[in-house]
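Chain and residue survey
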Amino acid sequence: MSLPLPHLIIYLLLLTVATGEILRPRFYSETCPEAESIVRNEMKKAMIREARSVASVMRLQFHDCFVNGCDGSVLLDDTPNMLGEKLSLSNIDSLRSFEVVDDIKEALEKACPATVSCADIVIMASRDAVALTGGPDWEVKLGRKDSLTASQKDSDDIMPSPRANATFLVDLFERFDLSVKDMVALSGSHSIGKGRCFSIMFRLYNQSGSGKPDPALEPVYRKKLNKLCPLGGDENVTGDLDATPRVFDNQYFKDLVSGRGFLNSDQTLYTSRETRGYVKWFSEDQGEFFRAFEEGMVKLGDLQSGRPGEVRVNCRVVNTRHNDVLLRDS
C-alpha cells in the first residue's frame, strides 16, 4: 500500500528520529565552546534593535522542523533549480528576521569556522527567544546537519493555515508523535509577537462563508480588530497575538478563555472540547505551561529526515553554491 506524499514525509521523519544525527547537549563543548553564549548575545542585540524579531526567530523552529525535520531548509533562498520554503503558502510575507540568523552565523563563523550548523542555530535561537522574553530556559540537544535542498511543495503539503481548527491541528501534530498537550503548549509560542490582518480578515467579516464575524470573538476585542483591520485596508498591518506581546507568559491562554484569540487557529483551541481543558489549565498555571512548552520544543527539535547534510557557511545557500558565487565575484 502506498502512502500519500504528506503522510510519507511524516512517516520518514518519525522513522529517522532514532537513525539520523545523534543529538546531545553541549555538542560543541570542544569544537566551539562559546557557541551558545554567542547565539544568546546576538539574540540580545536583535531584541534591542527590534523587540519583535526574537518572536519571529522563534517561529522558524516550527516552520523548519515540520518540513523534513530540523535541517535549516527554511533558511535557504530560492535558486534557478530549486523553489525553497520561504515563498510557500504559510511562509510568504509571514516568516521574517532571517537577517538575525545571518548575524548569528557570521559571529559563529568568526569564532569557529564551518563548525556550527544553521539548523542548530535555529534551535538555540528559538530557545533564547523564549528565555530572553521572560519564559523558561532549557538545555538544547545539538549536532544537526544542514540540508542540501528545500521544497516549497513539501512546506505547502504540511504546514497548517491560520484558518485551521483544533481537530486538524491535533491530527497534524499526532502524525509527528506530538500529543494534544504538546500541540496546545507549543501554540503558546504565540505568547510573543504579532500577526497580520491578512490572517484574520475571514474571521472578522466572513467566518465559514457566513458573511458574519466569528461568534467566538469577544465583542469589544472584535471592534478593536475591526478598527485595526478594516475591509479594504492594508492586510499587512500587524496586531498583537496576545495582550503582552513582548513577554513570554500564559497571557495567551487567558486571552483564549476570554475570547480574545487573534488567529482562528488559536481561538479554536478553547472552543474545541478536545483542547479546551489544556487551555484552561495553562491559563491558570504558568509553571505547567512552561514545563509543557519546554517538553514540546525538545520533542519538536528531535525531528530529523535522515537525509545527507553539511554545515553551511552561509545559511541562505548550500556550500557548493556559496563557493560558486565567491568564485564568480572574485
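Residues numbered from 1 in each chain as written. Predicted model: local features only at pLDDT ≥ 70, side-chain atom pairs only at ≥ 80, totals over all residues. Heavy atoms only, no water.

The protein chain carries the name Peroxidase in an unreviewed UniProt entry, which gives Raphanus sativus as its organism. Heading Function (unreviewed entry) of the UniProt record for the protein chain holds this comment: "Removal of H(2)O(2), oxidation of toxic reductants, biosynthesis and degradation of lignin, suberization, auxin catabolism, response to environmental stresses such as wounding, pathogen attack and oxidative stress. These functions might be dependent on each isozyme/isoform in each plant tissue." Under Subcellular location (unreviewed entry), UniProt gives the following word-for-word description of the protein chain: "Secreted". (UniProt positions renumbered as here; feature names shortened; annotations may be inferred.)

Remarks on the packing of aromatic side chains
What the rule picks out here adds up to 18 aromatic pairs. With a centroid separation of 4.9 Å and an interplanar angle of 70°, the aromatic rings of Phe253 and Phe289 are classed as edge-to-face. Here Phe289 lies in helix H14 (residues 286–301) and Phe253 lies in helix H11 (residues 251–257), a separation of 36 residues in the sequence. Phe253 gets classed as buried once you look at its relative accessible area, which sits at 0%. Where Phe289 meets Phe293, the ring centres are 5.9 Å apart and the plane angle is 65°; that geometry is what we call edge-to-face. A residue pair is termed a helical-turn pair when its members lie 3 or 4 positions apart in one helix, as Phe289 and Phe293 do in helix H14 at four residues. In this pair, the class of Phe289 matches that of Phe293, namely buried. Grouped by ring-pair contacts, the aromatic residues Trp138, Phe248, Tyr252, Phe253, Tyr278, Trp281, Phe282, Phe289, Phe290 and Phe293 constitute a single cluster. Over the face of the ring belonging to Phe98 we find Lys86, whose NZ or CZ atom lies 4.3 Å from the ring centre. Looking at Arg276, its charged tip hangs above the ring of Tyr270, at a distance of 5.7 Å from the centre. (Phe/Tyr/Trp six-rings, centres within 6.5 Å; stacked < 30°, edge-to-face > 60°. Helix = DSSP H or I, 4+ residues; strand = E, 2+ residues; numbered from the N terminus. Buried < 20%, exposed > 50% of the residue type's maximum accessible area, 1.4 Å probe, protein only. Lys NZ or Arg CZ within 6 Å of the ring centre and 35° of its normal.)

Here's the deal with the domain arrangement of the protein chain
What the domain assignment lists for the protein chain is domain 1 (24–159 + 303–310) and domain 2 (166–300). Computed from C-alpha atoms alone, the centre-to-centre distance between domain 1 and domain 2 is 24 Å. Counting the surface lost from both domain 1 and domain 2, the interface buries some 2,000 Å², and carbon and sulfur atoms represent 72% of this. Applying the counting criterion to the domain 1 and domain 2 interface returns zero salt bridges. If you look at where domain 1 meets domain 2, you find three residue pairs in polar contact (both at pLDDT 80 or more). Contributing elements (two or more residues each) for the side of domain 1 that touches domain 2: helix H3 (52–65) and helix H5 (118–132). Looking at the side of domain 1 that touches domain 2 element by element, the count peaks at six residues for H3. Here the side of domain 1 that touches domain 2 is built from residues that sort into 14 nonpolar, five polar and four charged. (Domains from an automatic or database assignment. Buried area = accessible area lost by both parts, 1.4 Å probe. Salt bridge = Lys/Arg side-chain N within 4 Å of Asp/Glu carboxyl O. Polar contact = N/O pair within 3.5 Å; in protein donor to acceptor, adjacent residues only side chain to side chain. Nonpolar A, V, L, I, M, F, W, Y, C, P; charged D, E, K, R; others polar.)

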